[in-house]
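Survey of secondary and tertiary structure
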Amino acid sequence: MQRVESGDRDQAGTAVFRLLLLVQVAAAGFFGLAPLLVPDLFASWFGYSGDDQLVYRLAGASSTGYAVAAVWALATRANWGELRIPVVATLTFNLAAVVAALLSIATGERGILPWFILVAAGAFSLVSAWWVLRNEGPPAPARHVIDGSFRIVLGLATLSAAAF
């Protein structure tokens, strides 16, 4: 794994990285906001009943978070040290989406959505993995340590997210 710990090169500042953040904004924005705000319409677009709106809204909320993170990265011109963890989170989320799409397809899902998610999440997984392995940029900035009570909140949020 190549690692550049100096400020000489920062992969997060490249035009390709920024363009891919825009693609993430578009994809995560659509697959986040549509099921979050109009779950019935989203379900009908992909041939689903829309009966379980909570699941659509939860999936939409989780996807919207990745769009918000990409908008933040673009707006603040964040460097690689600040984006390393969000990119690993993007990789993890998309690998889970690949597994979920494969399971849906394996159990006989006939709609186009699992196939689309398989392709899109697979592409995002590969791109995210490439950036993580490339790892060119400054180290993460020194920040205050997260206190114990906030760690508990993060742990509970992670457990509840894992259920969905």
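Here the structure is a predicted model, which is why all the values come from computation and not from measurement.

Attention shifts here to the nonpolar core. By size, the foremost hydrophobic cluster in this structure holds eleven residues: A12, F17, L21, A70, A73, A78, W80, L83, V87, W131 and V132. Listing elements by their share of this core, those giving two or more residues are α1 (15–37), α3 (53–76), α4 (80–106) and α5 (113–134). Filtering out sequence-adjacent residues up to four positions away, L83 remains in contact with A12, F17, W72, A73 and A78. Judged by nonpolar contacts, the second largest core, of seven residues, contains F31, A43, F46 and L113.

So, on to the packing of aromatic side chains. According to the stated counting rule, one finds twelve aromatic pairs in the structure shown. Consider the rings of F30 and F31, whose centres lie 4.8 Å apart with planes at 85°: the pair is edge-to-face. Taking the relative accessible area as the measure of exposure, F30 reaches 34% and is therefore partly exposed. Seen in terms of ring centroids, F42 and F46 are 5.0 Å apart; in terms of plane orientation they differ by 55°. Their pairing is tilted. For F42, a relative accessible area of 6% puts it in the buried group.

Mapped onto the fold, S128 is located in helix α5. Reaching out from S128, the side chain makes a polar contact with the backbone oxygen of F124 at a distance of 2.8 Å. Ignoring sequence-local partners within four residues, the contact set of S128 consists of V87, T90 and L91.

Looking now at the layout of surface pockets. For the largest pocket, the calculated volume is near 1500 Å³. In terms of lining, the largest pocket is formed by 40 residues, of which the most central are A59, S62, S63, F93 and A97. Broken down by secondary-structure element, the contributors of at least two residues to the lining of the largest pocket are α1, α3, α4, α5 and α6 (148–163). Considering only residue class, the lining of the largest pocket consists of 29 nonpolar, nine polar and two charged.

What counts as what
- Residues numbered from 1 in each chain as written.
- Predicted model: local features only at pLDDT ≥ 70, side-chain atom pairs only at ≥ 80, totals over all residues.
- Heavy atoms only, no water.
- Core = buried A, V, L, I, M, F, W, Y, C linked by side-chain atoms within 4.5 Å.
- Buried < 20%, exposed > 50% of the residue type's maximum accessible area, 1.4 Å probe, protein only.
- Helix = DSSP H or I, 4+ residues; strand = E, 2+ residues; numbered from the N terminus.
- Contact = heavy atoms within 4.5 Å.
- Phe/Tyr/Trp six-rings, centres within 6.5 Å; stacked < 30°, edge-to-face > 60°.
- Polar contact = N/O pair within 3.5 Å; in protein donor to acceptor, adjacent residues only side chain to side chain.
- 1 Å grid on protein atoms, 1.4 Å probe; cavity = no way out; pocket = protein on both sides within 12 Å on 5 of 7 lines; lining within 4 Å.
- Points joined across faces, edges and corners; volume = space filled by probe spheres on them.
- Nonpolar A, V, L, I, M, F, W, Y, C, P; charged D, E, K, R; others polar.

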